[in-house]
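Overview (structure and organization)
Okay, here's what each chain looks like letter by letter:
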Amino acid sequence: MQVQNLASSDHWDRVKKELKNELGEDVFSNWFGRVKHEETVGDSVRLSVPTRFLKNWIKSNYEKKLVGLWKREIDDINRVELTVRGALRPRRINVNQPPKAITARRISGRPAPFESVPQIGSSSSLAAIPCLADTGDEAAAEFLSGAALNPKLTFESFAEGASNSLACAAIRQMSADHDGSLPMLFMHSGTGIGKTHLLQAAAMEARRRGRSVAYLSAEFFMYHLVPALRTPAFPVLRQAMKSIDLLLVDDLQFLHGKQGHDEFSRTLEILMEAPRQIIMAADRAPDALGTLSAKVMQRIQAGEVVSIQATDYALRHDILRKRIAAARRTHPSFSVPDPVADYIARYVISSARDLEGALNRLFAHNQLTRQPVTMDLAEKTLHDLVRIGEPRAIKVEEIQQVVCKHFSVTKADLLSSCRARTLVRPRQIAMYIAKVVTGRSLPEIGRRFGNRDHTTVLHAVRKIEDMISKDEALAQEVELLKRLINT
């Protein structure tokens, strides 16, 4: 059987020229820029590509076209065989290069390679992180791998209670559900209540079931995904996005402000095009984020929006029980007496994260000093975490809800730009109360009230302060609203 070496012929050059004419320069460069002709044997042409991802994509989308173009050159050709010639050797970041230089290269006017961003202060991690090539398939592989998962954050280790049972049930169903009966879930709660735990548990469970999953933290989204979409990697990466059937985006509230609003929304819209199911999490309701485009909001509103409430005593006790049991599996001598566990569950109320931190302190003290855990030790060690007799934290959303009900207006009207007197006064009162009882900054309150400027909030606060100093009836009405909010 005669082997034709086409390296010195014009056949492959003419095939590439035809592809470039039909597909355009950009598409050709992305998909065929690194395809090499290896040999022609009988009726078969063998081409090589650097990655399996590229091989599968070309085979699925361009195999027939390639065969047709080759037949024009050599009539006997009936098939094109694609092989992977081996992974490219990634470039390494120079540990002596300052992080600022890396950042400057990424944001320069020229398209930059898709780079993993090292954690500041860790030179060993800098040396271990590859700079991905600008061709796309490595970026696609990075996207499909997603942000790192903590193997301890599973459904089995999650403590379920009345405050989170609905969210837990919905996410369990979505991680196992292939038919997409629940396509969209938006979950919100305060910090340290369990959102990340549930998302990571869902990602691991779905992957265990063989599903294609992308779990994106806010850091991964901003420093990996968005920069890659500005490079020639875009078409390959976009196709990778379309290959997943479960998308999870964590800490959505951290994404606004770090990039332009339009770019952030466009990236989210691309991400939301294909997945059969999407789970998003933030520390506030979607209408309070203020940076989501109309298209993204419509998709969220078409799905389920679930709020996880603050942990109650029973749930905190269950969380501690699970964490103590986990610690005892590796350190059987570690023990927390029931009165100490009750003390922690009753008074460490800020978040589940603080509960775990409290237990970690006791565990560390026990392991280092070999002294038993006692109530005296707990009181001394956890004094800064204990909240005895302190008022609960008030959310701006609670204030808006009470004010809307009292004045018989809708939340949409309260947050709108309408200047009708029947809306302006309730809006100003709500802003005033938010400033007085939550301690949040003026810009943050403005964002919660339809993305208003901080000067608008300041005007409302001063206006209501002046009015209640002169109008006793209004002063009593505002105090009534405060009491309703605190109950």
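Here, every reference points to the structure presented above.
Let us look at the structure shown here. These numbers come from a predicted model, not from an experiment.

Analysis parameters
Residues numbered from 1 in each chain as written. Predicted model: local features only at pLDDT ≥ 70, side-chain atom pairs only at ≥ 80, totals over all residues. Heavy atoms only, no water. Core = buried A, V, L, I, M, F, W, Y, C linked by side-chain atoms within 4.5 Å. Buried < 20%, exposed > 50% of the residue type's maximum accessible area, 1.4 Å probe, protein only. Contact = heavy atoms within 4.5 Å. Helix = DSSP H or I, 4+ residues; strand = E, 2+ residues; numbered from the N terminus. Pairing = 2+ DSSP bridges. Axes fitted to C-alpha atoms, helices over the stretch in contact; angles between N-to-C directions. Expected span 1.5 Å × (residues − 1). Polar contact = N/O pair within 3.5 Å; in protein donor to acceptor, adjacent residues only side chain to side chain. Phe/Tyr/Trp six-rings, centres within 6.5 Å; stacked < 30°, edge-to-face > 60°. Lys NZ or Arg CZ within 6 Å of the ring centre and 35° of its normal. Salt bridge = Lys/Arg side-chain N within 4 Å of Asp/Glu carboxyl O.

A few words now on the nonpolar core. In this structure, Phe143, Leu198, Leu248, Leu252, Leu271 and Met280 are the most contacted members of the largest nonpolar core, which totals 56 residues. In this structure, Leu271 is in contact with Phe143, Leu216, Phe221, Leu225, Met241 and Leu247, ignoring residues within four places of it in sequence. By size, the runner-up hydrophobic cluster in this structure holds 28 residues, among which are Leu423, Ile429, Leu442 and Val461.

Here Asp287 shows up in the loop between β10 (277-282) and α12 (294-301). The class of Asp287 is partly exposed, set by a relative accessible area of 39%. A C-alpha to C-alpha distance of 8.4 Å links Asp287 and Gly450, two positions 163 residues apart in sequence. Residues within four places of Asp287 in sequence aside, it is in contact with Met297 and Lys411.

Spatially, the five strands line up as an open sheet ordered β8-β9-β10-β7-β11, and their pairing is parallel. Edge positions in the sheet fall to β8 (213-216) and β11 (304-307), since each has one partner strand and no second. Pairs of neighbouring strands in the sheet enclose a mean axial angle of 10 degrees, with direction left out of account. As judged from the four bridges shared by strand β7 (residues 184-188) and β11, these two strands associate in the parallel manner. Directly across from Met187, in β11, lies its bridge partner Val306. Docked against the sheet, helix α7 (residues 165-176) engages β7, β9 (246-249), β10 and β11, running at close to 145 degrees with respect to β7.

Over its 14 residues, helix α8 (residues 195-208) runs 20 Å from end to end, which matches the ideal 20 Å to within 8%, given 1.5 Å per residue. With ten of 14 residues buried, α8 is to be regarded as a mostly interior element. Along α8, the residues that are buried comprise Lys195, His197, Leu198, Leu199, Gln200, Ala201, Ala202, Ala203, Glu205 and Ala206. Where α8 terminates, the next one or two residues include Gly210, which has phi positive at roughly 85 degrees.

The next thing to look at is unusual backbone geometry. One non-glycine residue, Asp251, lies in positive phi territory at about 55 degrees. As for its position among the elements, Asp251 is in the loop between β9 and α11 (261-271). The backbone of Arg370 sits at a positive phi, close to 65 degrees, despite the residue not being glycine. Relative to the helices and strands, Arg370 is located in the loop between α15 (352-369) and α16 (375-381). Accessibility expressed as a relative area gives 62% for Arg370, which makes it exposed.

Let us now look at the side chain of Asp245. Of note, Asp245 is situated in the loop between α10 (234-242) and β9. Here Asp245 is in contact with Arg211, Ser212, Pro275, Arg276 and Gln277, once residues within four sequence places are set aside.

Below, the discussion takes up the environment of Asp453. Within the secondary structure layout, Asp453 lies in the loop between α20 (442-448) and α21 (454-470). When the C-alpha positions of Asp453 and Leu442 are compared, they lie 8.3 Å apart, and in sequence the two are eleven residues distant. Of note is the side chain of Asp453, whose polar atom sits 3.5 Å from the side chain of His454.

A few words now on the packing of aromatic side chains. Taken as a whole and judged by the stated rule, the model has four aromatic pairs. Over the face of the ring belonging to Tyr313 we find Arg346, whose NZ or CZ atom lies 4.5 Å from the ring centre.

Take the pattern of salt bridges next. Within the structure shown, the criterion is met by 19 salt bridges. Between Asp283 and Arg284 there is a salt bridge, with the nearest N and O atoms lying 2.7 Å from each other. The exposure class assigned to Asp283 is partly exposed, which follows from its relative accessible area of 24%. Using a relative accessible area of 8% as the deciding quantity, one classes Arg284 as buried.

Limitation: the analysis is restricted to geometry and does not speak to function.
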